[in-house]
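Examination of the molecular architecture
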Amino acid sequence: MPSERGAQSVCRRLAMAGRRMSGRRGTSKAVLGLVVGGAAGRVLYVRQGEAFAPSLRPAGSQQAAELGLDAAVAGSLSLRGTSATVTAGSHGNARPQTSAAFLGCGALGAGAVLAKVATRRRRRVTMAATGVTSSAVAGQGEDGVRAKRASKRKAVATETQLVTDVNPLDGPDGTYQVGIDFGGWLQSADEEVEAKDLRVEGELPAWLRGSLVHAGPAKFEFGDDEFVDWVDGQAMLYRVRFLGEGKCEYRNQWLDTSNHRAHRTAGRIAVRETCSRPTLPNPLDRFMYMFEPPNNENGNLHISKFAGGKRCCSMSVGSSLLEFTLTDMKTLGKVNFNDELCEGGPLIFHAEPHVDPVTGEWFTCAIQLVVDLDNFGLKPEYVVYSIEPTAPQEPGAELARRLITRIETEHPSPVHTIALTQKYIVMIQIPYPLNWDGMLNAEKKWLLTGEYEGNLNDYNTWEPHRPTLIRLIDRVTGEQVAPFEADPFFFFHVINAFEEEDVVTLDVVCYNEPPVGFPLRQAKSGDVEDWRGGGGEVRRFKMNVATGELTCTGWPDNCFDEPKVNPKVDGVRHRYSFGVIDDNGMLRLTKQDHETHEVVKWSDQDVSRELPWQPVFVPEPYNEREDAGVLLSFVRDQPTGNTFCVVVNTETMKECARIHFPEGHHIPLHGHGTWMQGDL
């Protein structure tokens, strides 16, 4: 948590900003107040004389309370559940009629951040979707669930102001506070839902028919046990069906894995996850458990289709490939491989798979620890392989992978994504190797005490004295060009790569160092001051395979990530990419022009409350224009916790429609998704 001195400093700056703004009257611009309680990262939205406080809780600092605005600016809060209404205080400045809301919150140990923003009004009616069926997770009473669902079906009319822009200069010291309610976003999901005839605002393109499928961690605790890291959350599948004629359906369902069944049956963490270990009070039991092979069943991050697009799988950082059927979302279990890769031990740290949009061949790479009998140890290797489109298409059928190459390395680091050109697989090896000492220390502490404190950052060590290696691997033969050495950078996502004569161009989102990683409990608490939600810097690398020359040009200060391109330009020259940008503390859907460096944002987003994540590009059929299509993204409405799927025209970045999921249905922070055209 931030220090007491840090809390005082934050609240002092917030109070000064509030006093500067409190004297301004008659302004035609609405004021968005963010109340940060005790520098804990909690967000309070104030509009039209109403305050919405996701996961609001009292601050733990008397000094911070004394530095609050008290009643000198606005008055007091009358709290009701998670909402609050501003009432007039000693100065009578807080009236619902005014276009500026000033808030005093000394009792909560908070200051007010007053950021002047351009707004426009619109009325929005929220109501529950019809035809909803739901089933609770184990341990919840049916009567309580029914009552909960009944309360959610009440139609509520509310008037809001749409905040479409954020000016950081209007915040304290020229900054804008991070406006993401992690405490609410990282709560566990509690039910499976099937909803037909979803409420749709706007107009869906007539050609948009198919399924949007996401996976994500959704269950973070069992009994009194809580997972250490977000990536350990048990996997949930989410599916939105676009049926045509403005009709949509939604369903979410747990990925039925041996890991989840074991946790649920035991009522505690019962088996090993990537960053968590089972609760075993007896040291002897812990010692014996260290010799049990991991189940590796928790595919909660990546969704893809393989075997020529006929079979579906979900996978994760430390998970095997888990197959499911799209029609009923039934889990079939681990993909049934029978090939030489099965003999070398488990594959770990899989890269997000990349499917060739033309051939349908499925590519990835992973790390395999091969037993080295000569040196009595383990020898790490990268394993690059594919699943060919001619593989058996029957769900659950046995198949063999095509081994493309093995790459021995003394410094194996996880590879999050790869790129494809027409000839090469592009693989980036960053100077962030596995930290064997850190892993062993975490295991030793668990063995001795029963407490495990490792997370993904502890599993690796940043070594900026070594270069980043960019490897070009022939897709057919596995032969490599001599690796290109770049200045050290960290990355998650490649945007695209393409070849022109002897030059391979690679666009990638780069960080100068690994972003700060937060254990789950810390993130839930709101202690995420250093979190950069939107990402890093786009850089373009040009590699001449004839001369070995590498050049790099940057696109600084655009803070972009989660990139997508039109699949029609995947592996060939592109102009546009689409993703999420950090706009002074709030996430925005954006379109990036790589020729002009112009950035266009989703114009209808209310940045004071609407939080988009993990967009998916859907190309318009039979249209060769690169930016012809739509962007689909799950959007969390932070004050209410509700979620909708926005449909944005990728040519104009204007909103076409939004599809409302059942009211009160919670979708936690989720992983990557994919579009399955025509699959209903």
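Criteria and cut-off values
- Residues numbered from 1 in each chain as written.
- Predicted model: local features only at pLDDT ≥ 70, side-chain atom pairs only at ≥ 80, totals over all residues.
- Heavy atoms only, no water.
- Helix = DSSP H or I, 4+ residues; strand = E, 2+ residues; numbered from the N terminus.
- Buried < 20%, exposed > 50% of the residue type's maximum accessible area, 1.4 Å probe, protein only.
- Contact = heavy atoms within 4.5 Å.
- Pairing = 2+ DSSP bridges.
- Axes fitted to C-alpha atoms, helices over the stretch in contact; angles between N-to-C directions.
- Polar contact = N/O pair within 3.5 Å; in protein donor to acceptor, adjacent residues only side chain to side chain.
- Expected span 1.5 Å × (residues − 1).
- Patch = residues over 30% accessible without salt bridge, like charges linked within 9 Å, V, L, I, M, F, W, Y side chains within 5 Å.
- Areas by Shrake-Rupley, 256 points an atom, 1.4 Å probe, with all protein chains shown as cover.
- Salt bridge = Lys/Arg side-chain N within 4 Å of Asp/Glu carboxyl O.
- Core = buried A, V, L, I, M, F, W, Y, C linked by side-chain atoms within 4.5 Å.

Considering the overall build of the protein chain
- Tallying secondary structure elements over the protein chain gives nine helices and 41 strands in all.
- Expressed as a percentage of the 680 residues in the protein chain, the buried residues total 58%.
- For the protein chain, the proportion of contacts with a sequence separation of at least 24, taken over those separated by at least 6, is 66%.

Notes on the sheet that holds strand S19 (residues 322–324)
- The strand order across the open sheet built from four strands is S17-S18-S19-S20, with neighbouring strands paired in antiparallel fashion. Pairing within the sheet leaves two strands with one partner each, and these edge strands are strand S17 (302–306) and strand S20 (331–334). Neighbour-to-neighbour, the strand axes of the sheet open up by a mean angle of 30 degrees, direction not taken into account.
- Inspection of the sheet shows strand S18 (residues 311–315) paired to S19 by three bridges, in the antiparallel sense.

So, the pairing of strand S24 (residues 377–387)
- The buried count for S24 comes to eight of 11 residues, which makes it a mostly enclosed element.
- Two strands pair when backbone bridges link them, and strand S23 (residues 362–372) and S24 are joined in this way by 11 bridges, in the antiparallel orientation. Residue Ala366 lies in a different strand from S24, and its bridge partner there is Val383.
- In sequence, S23 turns back onto S24 through a hairpin of four residues, with Phe376 there showing a positive phi of about 55 degrees.

A short note on the environment of Asp339
- By the element assignment, Asp339 lies in the loop between S20 and strand S21 (347–348).
- Taking C-alpha positions, Asp339 is 9.2 Å from Leu403, a pair spaced 64 residues apart along the chain.
- Within the structure, the side chain of Asp339 is placed 3.0 Å from the backbone nitrogen of Leu341, a separation counted as a polar contact.
- A distance of 2.8 Å separates the side chain of Asp339 from the backbone nitrogen of Arg401, its partner in a polar contact.

Topic: helix H8 (residues 436–449)
- Along its 14 residues, H8 runs 20 Å from first to last C-alpha, staying within 8% of the 20 Å computed at 1.5 Å per residue.
- Packing partners of the buried residues in H8 comprise helix H7 (283–289).
- Within two residues after H8, Gly450 carries a phi angle of roughly 85 degrees, on the positive side.

Some details on the sheet that holds strand S36 (residues 599–601)
- The seven strands are arranged S30-S31-S32-S33-S34-S35-S36 in an open sheet whose pairing can be described as antiparallel. Because the sheet does not close on itself, it has two edges, and the strands there are strand S30 (490–500) and S36. Recorded for the sheet is a direction-independent mean angle of 35 degrees between the axes of neighbouring strands.

Structural notes on a nonpolar patch on the surface
- Taken together, the side chains of Leu284, Phe287, Met288, Met290 and Phe291 define a hydrophobic patch exposed on the protein surface, amounting to about 530 Å² of accessible area.
- With respect to the secondary-structure elements, Leu284 resides in helix H7.

What about the nonpolar core?
- In this structure, Ile428, Leu472, Leu506 and Phe541 are the most contacted members of the largest nonpolar core, which totals 30 residues.
- Put simply, the parts of the chain that give this core at least two residues each are strand S27 (424–429), strand S28 (468–474), strand S29 (484–486), S30, strand S31 (503–511), strand S32 (536–544) and strand S33 (550–564).
- Among the elements that take part in this core, S31 stands out by supplying six residues, more than any other.
- Setting aside chain neighbours within four positions, we find Phe541 in contact with Ile470, Ala486, Phe489, Val504, Thr505, Leu506, Val508, Cys510, Leu550, Thr551 and Cys552.
- By size, the runner-up hydrophobic cluster in this structure holds 28 residues, among which are Leu301, Phe363, Tyr382 and Leu420.

A closer look at unusual backbone geometry
- For Glu245, which is not glycine, the phi torsion reads 55 degrees and is therefore positive.
- Here Glu245 shows up in the loop between strand S15 (234–244) and strand S16 (247–254).
- A relative accessible area of 80% places Glu245 in the exposed class.

Considering the environment of Gly396
- Mapped onto the elements, Gly396 comes out in the loop between S24 and strand S25 (402–408).
- Along the chain, Gly396 and Thr331 lie 65 residues apart, while their C-alpha atoms are 9.9 Å from each other.
- When residues no more than four places from it in sequence are discounted, the contact partners of Gly396 are Arg311, Glu323, Leu332 and Asn336.

Focus on the pattern of salt bridges
- Per the stated rule, a full pass over the model turns up 33 salt bridges.
- Where Glu194 meets Lys196, a salt bridge forms, and the shortest distance between an N and an O atom there is 3.5 Å.
- Accessibility expressed as a relative area gives 39% for Lys196, which makes it partly exposed.
- Between Asp339 and Arg401 there is a salt bridge, and its shortest N-O distance comes to 2.8 Å. Here Arg401 lies in the loop between S24 and S25 and Asp339 lies in the loop between S20 and S21, a separation of 62 residues in the sequence. Judged on exposure class, the residue Asp339 and its partner Arg401 are both buried.
- In this structure, a network of salt bridges that share partners links the residues Glu194, Lys196, Arg241 and Glu249.

So, to be careful, I would describe these as geometric facts and stop short of saying anything about function.
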